[in-house]
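This is what each chain is made of:
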Amino acid sequence: MSFLDPKYRHLVPYVPGEQPKQTAVIKLNTNENPYPPAPGVEKAVQLAVQQLAKYSDASCLQVRMPLAQYLGVAIEEVFVGNGSDEVLSLAFQAFMANGVAYPDITYGFYQVFADMYQIEAVVLPLKEDLTIDLNPYQSLSQTIVIANPNAPTGLNVPAASLEKLVKENPDRLVIIDEAYVDFGGESMVPYTKHYDNLLVIGTFSKSRQLAGARLGYAVGNQALIADLNRLKFAVNPYNVNALTLAAGAASLADDTYFAAQVHKVIQVRESTKNELVELGFHVTDSAANFVFITHPHISAKVLQDQLRNDQIYVRWFDQPLIENYLRVTIGTKTQMDIFIQSVQMILKEVTQ
Ligand SMILES: Cc1ncc(COP(=O)(O)O)c(C=O)c1O
């Protein structure tokens, strides 16, 4: 006998990338940053431990203030949550009365949220080259959600094209998920000043090395942010814990470290792309901290399994259209050298 409400019986939860227990594994499967958080984070978290007997600040000002400053918006235009997954979850609950539209190949959680909250979803195909065709979105009535750069393709839509969509659809909300924007995308945050139907969502998980702290945010006009707060305060006012607030603030205090690590990831991504192309891969022009690759002589699943034998984890999606692709997170230069060596050996055996 199941006590689960029948409305959830069909729900297929999101499957997160594996987190292996062995430390020897080279983990290129969940788009984490290979570098540690900014040096000031550890001290800030230690100090925050002393305050743990108290609830965290529900207004999250410690992060919202410097984040607003960094993004060039007002504090009232910034919402923070327990990872951008929570911010997305609240946005799906808040803003999808007319349904939602998103691309068929994108962040898998959109589908899960739509199912969870029983939102009608219009799923639009990518173009053959895996880019997003914005034209069909123009004539819909649903809220639009676009990851930009998209995951897992890494491909970026120019901000000007997205602005056109936002501008020409003033009665519909457009949500841009910018989880990977710092690695080469163009942020829509400045446009939130001009359009009250634009909500931008971001995260500290990728470019700020804080995936385990769970800190995400949304930027939009004050009315949108007030709506998100209405839901947050109805569910979990202390959604961001005190240690995470301290870590986020310390990360924002160190621009130099942030810029230097992002630069390193981009450099390693570009050299990895070149090496993969030389090995015969098709590699999308990723603007994110991962590459999306396919090879004419080896199936993606086989390559994934063989890399796994070498203790290298990458992400394969058992999904039509992309089942012959692998998503490979950009690690350190040393990790990527080992990855390339391993791929070379595997290819050699296949083509012998
Ligand atoms: C496109 C996209 N959005 C949002 C997230 C969620 O990130 P987090 O909840 O760690 O902020 C991810 C995570 O991989 C992602 O790929």
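Residues numbered from 1 in each chain as written. Predicted model: local features only at pLDDT ≥ 70, side-chain atom pairs only at ≥ 80, totals over all residues. Heavy atoms only, no water.

## Digging into the overall build of the protein
Looking only at helices and strands, the protein has ten helices and 13 strands in total. In summary, the protein has a C-alpha radius of gyration of 20 Å against a globular reference of 20 Å for 352 residues, a match within 12%. In terms of overall dimensions, the protein has C-alpha extents of about 60 × 55 × 50 Å along its principal axes. By sequence separation, contacts in the protein at least 24 residues apart represent 72% of the contacts at least 6 residues apart. For the protein, the computed accessible surface area is about 16,200 Å², with 54% contributed by carbon and sulfur atoms. Taking the average location of the 26 positive side-chain charges in the protein and that of its 36 negative ones, the two points are 5 Å from each other. (Helix = DSSP H or I, 4+ residues; strand = E, 2+ residues; numbered from the N terminus. Rg over C-alpha atoms; globule rule 2.2 N^0.38 Å. Contact = heavy atoms within 4.5 Å. Areas by Shrake-Rupley, 256 points an atom, 1.4 Å probe, with all protein chains shown as cover. Lys, Arg positive; Asp, Glu negative; His and termini not counted. Charge placed at Lys NZ, Arg CZ, Asp CG, Glu CD.)

## Examining the environment of asparagine 135
Structurally, asparagine 135 is set in the loop between β4 (121–124) and β5 (143–147). You can call asparagine 135 exposed: its relative accessible area is 57%. Considered as a pair, asparagine 135 and proline 66 are 69 residues apart in the sequence and their alpha carbons are 37 Å apart. (Buried < 20%, exposed > 50% of the residue type's maximum accessible area, 1.4 Å probe, protein only.)

## Topic: the side chain of threonine 30
By the element assignment, threonine 30 lies in the loop between β1 (26–27) and α1 (40–49). With a relative accessible area of 15%, threonine 30 lands in the buried category. Among the polar contacts made by the side chain of threonine 30, one reaches the side chain of lysine 27 at a distance of 2.6 Å. Polar side-chain contacts of threonine 30 include one of 2.8 Å to the side chain of glutamate 32. The residues contacting threonine 30, other than those within four sequence positions of it, are Gly17, Glu18, Gln19, Lys206, Arg327 and Thr329. (Polar contact = N/O pair within 3.5 Å; in protein donor to acceptor, adjacent residues only side chain to side chain.)

## Observations regarding the pattern of salt bridges
Evaluated as defined, the whole model comprises ten salt bridges. A salt bridge links aspartate 337 to lysine 333, with the nearest nitrogen and oxygen atoms 2.8 Å apart. With aspartate 337 and lysine 333 both in helix α10 (residues 333–351) and four residues apart, this pair spans about one turn of that helix. The class for lysine 333 is partly exposed, based on a relative accessible area of 39%. One continuous salt-bridge network, built from bridges that share partners, spans Arg269, Glu270, Lys273 and Asp285. (Salt bridge = Lys/Arg side-chain N within 4 Å of Asp/Glu carboxyl O.)

## Some words on the packing of helix α3 (residues 83–95) against helix α4 (residues 109–116)
Look at α3 against α4: their axes get within 10 Å of each other, and the N-to-C directions meet at 40 degrees. The angle between α3 and α4 falls in the class oblique. Considering only the axes of α3 and α4, their crossing is right-handed. Contacts between α3 and α4 involve Asp85, Leu88, Ser89 and Phe92 from the former and Phe109, Tyr110, Phe113 and Ala114 from the latter. The residue makeup of the contact of α3 with α4, split by class, is six nonpolar, one polar and one charged. (Axes fitted to C-alpha atoms, helices over the stretch in contact; angles between N-to-C directions. Parallel < 35°, antiparallel > 145°, perpendicular 65-115°, else oblique. Left-handed = near helix turned anticlockwise from the far one by under 90°. Nonpolar A, V, L, I, M, F, W, Y, C, P; charged D, E, K, R; others polar.)

## Examining the domain arrangement of the protein
Per the domain assignment, the segments making up the protein are domain 1 (6–35 + 256–351) and domain 2 (40–254). Averaged C-alpha coordinates put domain 1 and domain 2 at centres separated by 24 Å. Domain 1 puts 35 residues into the contact, and the matching count from domain 2 is 30 residues. Surface buried jointly by domain 1 and domain 2 totals about 2,600 Å² across both partners, of which 65% is contributed by carbon and sulfur atoms. When residues of domain 1 are sorted by the area they lose upon contact with domain 2, Tyr14, Phe258 and Ala287 head the list and together hold 25% of the total. The interface formed by domain 1 and domain 2 contains zero salt bridges. Linking domain 1 to domain 2 there are ten residue pairs in polar contact (both at pLDDT 80 or more). If you list the elements that add at least two residues to the side of domain 1 that touches domain 2, you get α8 (255–278) and β10 (290–294). Of the residues forming the side of domain 1 that touches domain 2, the biggest block, eight residues, is contributed by α8. (Domains from an automatic or database assignment. Buried area = accessible area lost by both parts, 1.4 Å probe.)

## A look at the sheet that holds strand β12 (residues 315–316)
Read across the open sheet, the four strands follow the order β9-β10-β13-β12; overall the sheet is antiparallel. Each end of this open sheet is capped by a strand with a single partner; those strands are β9 (282–283) and β12. Bridge count between β10 and strand β13 (residues 326–329): four bridges; the pairing is antiparallel. Note on β13: the bridge partner recorded for phenylalanine 290 is threonine 329. Sitting on the sheet, α8 touches β9 and β10, and the angle it makes with β10 is about 10 degrees. (Pairing = 2+ DSSP bridges.)

## Some words on unusual backbone geometry
In this chain, asparagine 148 is followed by proline 149 through a cis amide linkage whose omega measures -5 degrees. Among the structural elements, proline 149 can be located in the loop between β5 and α5 (159–168). If you check the backbone angles, glutamine 209 has positive phi at about 55 degrees while not being a glycine. Using a relative accessible area of 9% as the deciding quantity, one classes glutamine 209 as buried. Residue leucine 321 is not a glycine yet carries a positive backbone phi of 80 degrees. The residue leucine 321 is located in the loop between β12 and β13 in this model.

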